[in-house]
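The chain contents come next:
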Amino acid sequence: MQLDIHTGLLADTDFLPSPNCDERPEGVEVDTLIIHGISLPPGEFGGGFVEQLFSNALDCDAHPYFKTLAGVEVSAHFLIRRNGQLVQFVQTHLRAWHAGQSCCEGRERVNDFSIGVELEGTDELPYTDAQYQAVARLSCALFKAYPAMTLDRVYGHNDIAPGRKTDPGPAFDWVQYRVLCADV
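Below, the structure is looked at part by part. (Residues numbered from 1 in each chain as written. Predicted model: local features only at pLDDT ≥ 70, side-chain atom pairs only at ≥ 80, totals over all residues. Heavy atoms only, no water.)

1. Points about the side chain of S114
Turning to step 1, where the next piece is worked out: Among the structural elements, S114 can be located in strand β11 (residues 114–120).
Turning to step 2, where the next piece is worked out: A distance of 2.7 Å separates a polar side-chain atom of S114 from the backbone oxygen of V110.
Turning to step 3, where the next piece is worked out: What S114 contacts, discounting residues up to four positions off in sequence, is R24, T32, I34, H77 and H98. (Helix = DSSP H or I, 4+ residues; strand = E, 2+ residues; numbered from the N terminus. Polar contact = N/O pair within 3.5 Å; in protein donor to acceptor, adjacent residues only side chain to side chain. Contact = heavy atoms within 4.5 Å.)

Dropping the structure here:
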């Protein structure tokens, strides 16, 4: 797995450009990886609803829960589906709108200096082996492309927005993730 630092695109990955991004502030170094969990509707997988949300194409009448998302503009750099398939929405040199109001190591505006990876899942259901394999390979590709980003600079959304966000939740096995990253 290889990331082209000039284009910000991951080789051999579907790219579905999201409009929910913008330029990073000048001089800001990308040095942090944020892992998220998402399912739409909550607890359901597949169906393309996450892709639609990140593309501002979600039909808010398709499910009662979607009404809470009307007008929301959000994205992540990557999504890892339950089967381990990667989809890229935002080039890594751009700022994806994934972290919201957050703080990491005393720094606010986490979107400015981070890359966001969404895993299709919930806080309570185990993530799949295919997802762990994919997120470990992706993480290592990002560490190679962004040397300031290391395994010590990987956080869950819940770590940077405590009380507001709970993902990736207790179902995410940080030990398994770190072991796989060391083996890649």
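So that's the structure; there's more coming.
2. Regarding the pairing of strand β5 (residues 32–38)
Turning to step 1, where the next piece is worked out: Among the seven residues of β5, seven are classified as buried, and the element is accordingly described as predominantly covered.
Turning to step 2, where the next piece is worked out: Burial along β5 is two-sided: the face carrying T32, I34, H36 and I38 and the face carrying L33, I35 and G37 are both buried.
Turning to step 3, where the next piece is worked out: In this structure, β5 lies alongside β11, joined through seven bridges in parallel fashion. Note that in β11 the partner of I34 across the bridge is G116.
Turning to step 4, where the next piece is worked out: Note that β5 and strand β12 (residues 154–156) share three bridges and pair parallel. Residue pairing in the sheet places L33 in a bridge with V154 of β12. (Buried < 20%, exposed > 50% of the residue type's maximum accessible area, 1.4 Å probe, protein only. Pairing = 2+ DSSP bridges.)

3. A look at the nonpolar core
Turning to step 1, where the next piece is worked out: Residues L33, L142 and Y177 are the most contacted members of the largest nonpolar core, which totals 29 residues.
Turning to step 2, where the next piece is worked out: Contributing elements (two or more residues each) for this core: β5, β6 (78–80), β11, α2 (129–145) and α4 (174–183).
Turning to step 3, where the next piece is worked out: With nine residues, α2 is the largest single contributor of residues to this core. (Core = buried A, V, L, I, M, F, W, Y, C linked by side-chain atoms within 4.5 Å.)

4. Focus: the layout of surface pockets
Turning to step 1, where the next piece is worked out: There is about 620 Å³ of room inside the largest pocket.
Turning to step 2, where the next piece is worked out: In terms of lining, the largest pocket is formed by 29 residues, of which the most central are G37, I38, H157, K165 and D167.
Turning to step 3, where the next piece is worked out: When contributions to the lining of the largest pocket are tallied by element, the ones reaching two or more residues are β5 and α1 (49–54).
Turning to step 4, where the next piece is worked out: Here the lining of the largest pocket gets three residues from one element, more than from any other, and that element is β5.
Turning to step 5, where the next piece is worked out: Residues of the lining of the largest pocket, tallied by class, amount to 11 nonpolar, 11 polar and seven charged. (1 Å grid on protein atoms, 1.4 Å probe; cavity = no way out; pocket = protein on both sides within 12 Å on 5 of 7 lines; lining within 4 Å. Points joined across faces, edges and corners; volume = space filled by probe spheres on them. Nonpolar A, V, L, I, M, F, W, Y, C, P; charged D, E, K, R; others polar.)

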